[in-house]
Amino acid sequence: MNDIQTLIEKAWEDRSLLQQADTVETINTIIEKLDKGALRVAEPTSDGWKVNEWIKKAVIMYFPTRKMETIKVGPFEFHDKIPLKSDYAGLGVRVVPHALARHGAYVAKGVVMMPSYVNIGAYVDSGTMVDTWATVGSCAQVGKNVHLSGGVGLGGVLEPVQAAPVIIEDGAFIGSRCIIVEGVRVGKEAVLGANVTITGSTKVIDVTGDQPVEYKGYVPERSVVIPGTYTKKFPAGEFQVPTALIIGQRKASTDLKTSLNDALRENNVAV
């Protein structure tokens, strides 16, 4: 464990350390590195995704070290502890009014932000579209060339504190009004149809074979997914519970920029 991580872990256990200048300086340094993409709350490794819990703790402790300030942007006024991200032209990011990203969120060159929101600690990689009213929650990890359609909600890990961030891998297409929360990971080039909701306990069921195959908290690579339900018994009777159904695979011949409708049509789903 390096010195910075050790200091963060000590402050996490003893919040009185947040009154010390070296602790505050360390936390500020971590936030700056997150803002520039030099550090990540979670990162891909040869052994899979590694979650850096101590960095997430630093993000959480950043808030009590900050004072409320008034932020004015033209005729608009905000009152918050965290400054807004800036210098989008220098970063090579297209930002359409009223898109907002907080300082401490990394937004890579080539990202397009329609009117949307990216929270602190998030990582949005190059070529990704954050479409209208989509929200990228705190510490969520979004890969290259991802399309987050209108109204998509990626959950954060600050309130409540959760172990792992939402991860959307390269090339995924997330349809309108999808909700992905509680540390769910969506594999590379997966396609999620509109209104798919996946939490840590949601069953993701592959129905393409003779027998259903269940996953939880994970959508396999190149899966094409639609909303579904299954019957669950409760003391009051049997009721339908939401699930996500894997109905096929994105074809290798399909261009990575394919529309959601094309991917669903290939799997005989009416759109």
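Below: a short report on this structure.

Each value, and the rule that gives it
- All residue numbers here refer to positions counted from 1 along the written sequence of the relevant chain.
- In keeping with the model being predicted, local features are shown solely for residues with a pLDDT of at least 70 and side-chain atom pairs are shown and tallied solely at 80 or more, while totals for entire chains, interfaces and linings include all residues.
- Note that the side-chain values use all heavy atoms of the structure and ignore hydrogens as well as water.
- Going along the chain from the N terminus, every DSSP run of H or I of four or more residues is numbered as a helix, and every run of E of two or more is numbered as a strand.
- Burial status follows relative accessibility: with a 1.4 Å probe on protein chains alone, a residue under 20% of its type maximum counts as buried, one over 50% as exposed, and anything between as partly exposed.
- Following DSSP output, two strands are said to pair if at least two bridges run between them.

**Structural notes on unusual backbone geometry**
Where the residue is not glycine, phi is negative for most of them; where a peptide bond is considered, it is trans in most cases.
Consideration 1: Here Pro97 and His98 are connected by a cis peptide whose omega angle stands at 5 degrees.
Consideration 2: Relative to the helices and strands, His98 is located in the loop between β5 (94–95) and β6 (100–101).
Consideration 3: The backbone of Asp87 sits at a positive phi, close to 60 degrees, despite the residue not being glycine.
Consideration 4: Secondary-structure assignment places Asp87 in the loop between β4 (76–80) and α4 (88–91).
Consideration 5: For Asp87, a relative accessible area of 53% gives the class exposed.
Consideration 6: In the Ramachandran plot, Asn145 falls in the positive-phi region, its phi being about 55 degrees despite a non-glycine side chain.
Consideration 7: Locating Asn145 in the fold gives a position in the loop between β13 (141–142) and β14 (147–148).
Consideration 8: The exposure class assigned to Asn145 is partly exposed, which follows from its relative accessible area of 39%.

**Observations concerning the sheet that holds β6**
Consideration 1: Judged by pairing direction, the sheet is parallel, and its 6 strands sit side by side in the order β6-β9-β12-β15-β18-β21 without closing on themselves. The open sheet terminates on both sides in strands that have one partner only, identified here as β6 and β21 (197–198).
Consideration 2: Sheet topology note: the strand β9 (residues 117–118)/strand β12 (residues 135–136) ladder contains 2 bridges and is parallel. Across the sheet, residue Val118 finds its bridge partner in β12, namely Val136.

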